[in-house]
Amino acid sequence: QVQLVESGGGLAQAGGSLRLSCAASGRTFSSYAMGWFRRAPGKEREFVAAIGFTSSRTTYYADSVKGRFTISRDNAKNTVWLQMNSLKPEDTAVYFCAAAPLLSRVSARYDYWGQGTQVTVSS
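Model, not experiment: these values are computed from the prediction.

The rules we used
Residues numbered from 1 in each chain as written. Predicted model: local features only at pLDDT ≥ 70, side-chain atom pairs only at ≥ 80, totals over all residues. Heavy atoms only, no water. Pairing = 2+ DSSP bridges. Helix = DSSP H or I, 4+ residues; strand = E, 2+ residues; numbered from the N terminus. Polar contact = N/O pair within 3.5 Å; in protein donor to acceptor, adjacent residues only side chain to side chain. Contact = heavy atoms within 4.5 Å. Phe/Tyr/Trp six-rings, centres within 6.5 Å; stacked < 30°, edge-to-face > 60°. Buried < 20%, exposed > 50% of the residue type's maximum accessible area, 1.4 Å probe, protein only. Lys NZ or Arg CZ within 6 Å of the ring centre and 35° of its normal. Axes fitted to C-alpha atoms, helices over the stretch in contact; angles between N-to-C directions.

Trainee: In this structure, what is going on with the pairing of strand E3 (residues 18-26)? I would like to understand it.
Mentor: As paired strands, strand E1 (residues 2-7) and E3 are joined by six bridges and run antiparallel to one another. Residue pairing in the sheet places Val2 in a bridge with Gly26 of E3.

Okay, here's the thing in structure tokens:
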């Protein structure tokens, strides 16, 4: 089992920045690919970013966040981050971190999920 707890959400103005953190406990963190997903009110959960568990730290990003968001991890700290820059109102959503056995953009591939942290971006 892996337990995930997100933090760092809050309010930001358009063009501003936030950094989300996800702290993991339980089974070895470094054995899992990690992803960030988000769900806006009335919308389906969508992929945001993911990072592999290998030393290469392969990353995937949704087209909507490329060049603005950066995912990173520190296995020694059992933590993954999502640095969000140049925020837009459409980034407003609950953001979830998740763990998967293999790197993927597909939410169904992820086995463990945090409870989410709210990000609100004003115009």
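Past the structure itself, the notes keep going.
Trainee: What exactly am I supposed to notice about the side chain of Thr79 here?
Mentor: Positionally, Thr79 belongs in strand E8 (residues 79-84). A polar contact of 2.8 Å, which involves the side chain of Thr79, links it to the backbone oxygen of Lys77. The contact partners of Thr79, leaving out residues within four places of it in the chain, are Cys22, Phe29, Ser72, Arg73 and Asp74.

Trainee: Looking at this model, I keep getting lost on the packing of aromatic side chains. Mind explaining?
Mentor: What describes a pair of aromatic rings is the distance from one ring centre to the other and the angle between the planes of the rings. Summed over the entire model, instances satisfying the criterion amount to six aromatic pairs. Aromatic side chains Tyr32 and Tyr112 sit 6.0 Å apart centroid to centroid with 80° between the ring planes, which places their arrangement in the edge-to-face category. Pair noted here: Tyr32 is in the loop between E3 and strand E4 (33-39) and Tyr112 is in strand E10 (residues 112-113), with a separation of 80 residues, a long-range link. Taken individually, Tyr32 and Tyr112 each receive the classification buried, so the pair is uniform in this respect. Between the aromatic rings of Phe37 and Trp113, the centroid separation amounts to 5.0 Å while the plane-to-plane angle is 50°, which identifies the pairing as tilted. With Phe37 in strand E4 and Trp113 in strand E10, the pair connects residues that are 76 residues apart, well separated along the chain. Aromatic rings pair up to connect Phe37, Phe47, Phe96, Tyr110 and Trp113 into one cluster. Lying across the ring of Trp113, Arg45 places its NZ or CZ 4.0 Å from the centre. Lying over the aromatic face of Tyr60, Arg105 brings its terminal NZ or CZ to 3.8 Å of the ring centre.

Trainee: Would you mind showing me how to read the sheet that holds E1 here?
Mentor: The sheet built from four strands is open, its strands ordered E1-E3-E8-E7 with antiparallel pairing. Because the sheet does not close on itself, it has two edges, and the strands there are E1 and strand E7 (69-74). Here the average twist between neighbouring strands, direction ignored, is 15°. Across six bridges, E3 lies against E8 in antiparallel orientation. In the strand pairing of E8, Cys22 is matched with Val80.

Trainee: Help me out: how do you make sense of the side chain of Asp91 in this one?
Mentor: Note on placement: Asp91 falls in the loop between E8 and strand E9 (93-100). Residue Asp91 is classed as buried on the basis of its relative accessible area of 0%. Polar side-chain contacts of Asp91 include one of 2.8 Å to the side chain of Arg68.

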